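# Examining the three-dimensional arrangement
Residues per chain, in single letters:
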Amino acid sequence: VTFLTLTNYNNNFRLAVESDGETLNDAGARRNAAVSDLLNVEFQTVEMDNPISTFRNSIMAGDTEYDFMLPHATDGVAQLVTSQTLYDWNRLEYADLTKPWWNTSMTTSLGIGGKLFYASGDIVMTWQGMQAILFNKTYLAGIDPEKDLYETCFDGEWTIDYMTQIIKGHSKDLNGDGKMTEVDQYGLLCNKNAGYSYMYSCDQRVTVPDADGWPVLTLNTERMAEIVGKYYNLVHSGETYLDVYSNASYPSSTYRNTIVEGRSFLASLDVGGLYAQLREIEFDFGLLPMPKFDAAQENYRVFCGAGLIGVPINVPDPERTGVIAEALAYYSYKEIRSAFFDIVLENKAVREENAYKVLQMMHENKVFDFGFNFDGTGYNLIKEVVVDKKSTDFASLYAKKEKVILNNFEKIINAVKEMDE
C-alpha cells in the first residue's frame, strides 16, 4: 500500500513508521501492524516536493503505483479534481464514512454534486490544523470571573465577546520604552494570518452545499458582517499582539517566545501541528476551543484544513482500496487518537480531565470547507479587511473579490459535471 505525499508529511501523519519508543510512532506502528495482519499488506510512503504533477503523470501514463494521495491543504487540491484524476469515495463500498473514525462533516462540506474526492479522519488526525486557545492560569487571579473558564466553556458561554472582555487590562510595557512591542505583555497573542479560524469558530463558512450537493458561496451574510466587527474589536482592543508563524518557524519565533515566557494571558495556537511544543511550557495552562459567535450557537466549531486523502481515478481494485481505507481508519481510531490526546496532555501543566474533555469536544466538532481547500481567496478576506486594512467594511472588499471566487468555483463544478456526460 503506497501513500504519495509531500516531503515531511510521513512524519506528520505517521503513515509508514516503525516503533521507536516515541508515543505517536509506536501508535502508528501498532495501527499498521494490525492492518497488515488483517489484510496481508505492507505500507510505504513516497514523499516529494511536487506530488501533484507526479500523481497526474502517473495516471495519464496508466500506472497504478499509488493507492492514496495526500496533498497540501490547498496547493493542487482543485487541480486534481479539474484534471479528473480522483476516484469518488462514495463509490468505495467498504469505506463507511458514517463511522466515528471518519470526519462526518467532511462528507457534505467537501462534497461536489454528490461526489466526494477527498476524505479525512483519524488516519491523519495528528496534522489537521486544529486551532485552540491556550490560557495561562497565572493570569486568572486578575480577571475575577464569575466562574472557571472551563465552566464557562462547558456551559456554552465561551464566546468571542467574552474573550474580548477578559483580555482587558493585561497589556504591560515591560521594558518601559513607551511602546508596545514584541517584548511586552499582552492579553491575547493572535496569528494575524489566521483570522479565518475565528470565522469558522463563529460557524460561518465560505460555502455550504445546496440540496444537490453543489457548493454555494455564502460568505456575504449579515452574520459575517457581525463576525468581522467582533474580530475587529478583539484584535484592535489594545490588548492583542498580532504576529505570524508557521509550524516550521515556530520554535525560533516571537510567537513561541511570547507564549513560553508567559507574556500572554491567551494565545491562539495550531495544536494540530504544534502539540509536541507544549511540553516546554513550564507554567500552568489550560486549553479551550476557539470561541463561539454567541451563547446561542449550538456547538463550538474547530476549523481543519489539512489531512485530505484522495484515491486515484484508475484504482484497479476499488474493493481492496475501500477495505484498506476502512481498516486504517478504524485502527487509527483505536490507536492514534488516544496517543495523540496523551501527547498533547503530556505537559504536566495541562494534564487534567477538563483539558481532555476540551480536546475530545474539539475533535468531534471539526469542520472542513470546500471554500477553503478549493479556493485561496474567500477564506482570507477577514484577514484582509480587519488586519491589513484595519477596517470593518467587509462588503466592499467582498464585492471586489466575488467574481474571482465564483469563477474558480465554476471551473471545478463544470469539471465534475463533465464526469457524468
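Figured I'd write up the structure that's included with this text. Because the structure is a prediction, the values reported are computed rather than measured.

On to the pattern of salt bridges, then. Scanning all chains against the criterion turns up 12 salt bridges. The partner of glutamate 335 in a salt bridge is arginine 30, and the shortest N-O contact between them spans 2.7 Å. Here glutamate 335 is found in helix H12 (residues 318–344), whereas its partner arginine 30 is found in helix H2 (residues 23–39), with 305 residues between them in sequence. Its salt-bridge partner being arginine 263, residue glutamate 261 comes within 2.9 Å of it at the nearest N-O pair. Relative accessible area serves as the criterion here: at 10%, arginine 263 is assigned to the buried category.

Attention now goes to the sheet that holds strand S1 (residues 2–6). Spatially, S2-S1-S3 is the arrangement adopted by the 3 strands of the open sheet, whose pairing is parallel. Each edge of the open sheet is held by one strand with a lone partner, namely strand S2 (44–48) and strand S3 (68–70). On average, adjacent strands in this sheet sit at an angle of 20 degrees to one another, irrespective of strand direction. Relative to S2, S1 runs parallel, the two sharing 5 bridges. Its bridge partner being in S2, phenylalanine 3 is matched across the sheet by threonine 45. Contacts between helix H3 (residues 51–60) and the sheet are confined to S1, S2 and S3, with S1 contributing the most and set at about 140 degrees to the helix.

The next thing to look at is the environment of methionine 362. Following the sequence through the fold, methionine 362 ends up in helix H13 (residues 353–364). Spatially, the C-alpha atom of methionine 362 lies 7.2 Å from that of arginine 301, the residues being 61 residues apart in sequence. In this structure, methionine 362 is in contact with Met130, Gln131, Ala132, Leu288, Pro289 and Val302, ignoring residues within four places of it in sequence.

So, how was this worked out
- Residues numbered from 1 in each chain as written.
- Predicted model: local features only at pLDDT ≥ 70, side-chain atom pairs only at ≥ 80, totals over all residues.
- Heavy atoms only, no water.
- Salt bridge = Lys/Arg side-chain N within 4 Å of Asp/Glu carboxyl O.
- Helix = DSSP H or I, 4+ residues; strand = E, 2+ residues; numbered from the N terminus.
- Buried < 20%, exposed > 50% of the residue type's maximum accessible area, 1.4 Å probe, protein only.
- Pairing = 2+ DSSP bridges.
- Axes fitted to C-alpha atoms, helices over the stretch in contact; angles between N-to-C directions.
- Contact = heavy atoms within 4.5 Å.

So far we have only geometry, and geometry alone does not tell us how the molecule works.
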